[in-house]
Every structure is written in C-alpha cells, then in structure tokens.
Amino acid sequence: MMNDLLRKEPKTIIDVRETWEYEQEHFPGAVNIPLTLVPLRLSEIRDMPKPILLYCRSGNRSGMAASMLRNAGIDEAYNAGGLYDLQSISKN
C-alpha cells in the first residue's frame, strides 16, 4: 500500500523530525514540520495535496503525527515509518 501511495501524484511528504535531523538528511521533496509544530500548522496541512505521508527516524513520531491529523479530520494521513523505510520503499 505504501508503495502505491508513494507513487501517487499529487501527494505531500512530511518529515516530522526536528529541523537539525531534516537538515542532515531527508527524503527528496519532503516538507519539514517537526512533530511539536503539527498541531499549530493543522490548517496549513489540511490544504496540502493528499495523500499525506509522514515519516521520522523510526516511525514513532510519524505515527503520532498521523493520529493527530486523522483526529483533526484529515483522513488521508499515513505513517510511512522511518526515513530509511521510505527510501527503501521508493526504490521498489
């Protein structure tokens, strides 16, 4: 399923790691919105192209962010796991 979502256009990929983590390495085209800022940027995220794929280092923070978005009524929010998971999926 994640492979299909990753190929879909349009879509939004959000990196919910801290800015310093994003600056070290990130998925091409990803927008950096650290987990702590997700609740403050809900209206902006709501307007982004769907589906919304969220990732972090291990999948924990992105899982929390996906839950926040779904609880806010953004149904097409998906936990894409960790950065390396997402990079691995994108190569298939």
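Up top is the structure these notes are about.
Residue numbers restart at each chain and count upward from 1, following the sequence in its written direction. Local features in this predicted model are restricted to residues whose pLDDT is 70 or higher, and side-chain atom pairs enter the listing and the counts only when it is 80 or higher, whereas totals over whole chains, interfaces and linings include all residues. Side-chain figures throughout are based on the complete set of non-hydrogen atoms in the structure, without hydrogens or water.

A. Region of interest: the overall build of the protein chain. Across its full length, the protein chain holds five helices and four strands. Secondary structure follows DSSP: runs of H or I at least 4 residues long count as helices, runs of E at least 2 residues long count as strands, and numbering of each begins at the N terminus. Going from the N terminus to the C terminus, the protein chain shows its helices and strands as α-β-α-β-α-β-α-β-α. For the radius of gyration, the atom set is restricted to C-alpha positions; the globular benchmark scales as 2.2 Å times the number of residues to the power 0.38. Taking 12 Å as the expected radius of gyration for a compact globule of 92 residues, we find that the protein chain reaches 12 Å, a close match to that expectation. Viewed in the frame of its principal axes, the protein chain has a C-alpha envelope of about 30 × 30 × 20 Å. Exposure classes here rest on a 1.4 Å probe applied to the protein chains alone. A residue is buried below 20% of its type maximum, exposed above 50%, and partly exposed in between. Here the protein chain, with 92 residues, has 46% of them falling under the buried criterion. Under the convention used here, a 1.4 Å probe and the Shrake-Rupley method define accessible areas, while residue burial counts only the protein chains that appear. Carbon and sulfur atoms provide 51% of the accessible area of the protein chain, an area that totals close to 5000 Å². Within the protein chain, the 12 negative side-chain charges are centred at a point lying 3 Å from the centre of the 11 positive side-chain charges. Neither His nor the chain ends contribute to the count of charged residues, in which Lys and Arg are positive and Asp and Glu negative. Here the site of a charge means atom NZ of a Lys, CZ of an Arg, CG of an Asp or CD of a Glu.

B. Quick look at the nonpolar core. As used here, the term nonpolar core means buried Ala, Val, Leu, Ile, Met, Phe, Trp, Tyr and Cys residues forming a set that is joined through side-chain atoms within 4.5 Å. I14, V16, V38, I45, I52, L54 and L69 are the most contacted members of the largest nonpolar core, which totals 15 residues. Counting only elements with at least two residues in this core, the list comes to β3 (52-56) and α4 (60-71). Here a residue-residue contact requires only that any non-hydrogen atoms of the pair lie within 4.5 Å. Sequence-distant contacts of L69, defined by excluding residues within four places in its chain, comprise V38, L42, I45, I52, L54, I74 and A77. Judged by nonpolar contacts, the second largest core, of 12 residues, contains Y22, F27, Y55 and L83.

C. Quick look at unusual backbone geometry. Here the bond from E9 into P10 is cis, since omega is -5 degrees, no more than 30 degrees from zero. Checked against the element boundaries, P10 lands in the loop between α1 (2-7) and β1 (12-15). A cis amide bond links K50 with the next residue in sequence, P51, at an omega value of 0 degrees. As for its placement among the helices and strands, P51 is situated in the loop between α3 (42-46) and β3.

D. The environment of D85, seen in detail. You can see D85 is positioned in helix α5 (residues 83-90). Distance from D85 to C56, taken between C-alpha atoms, is 9.7 Å for residues 29 residues apart in sequence.

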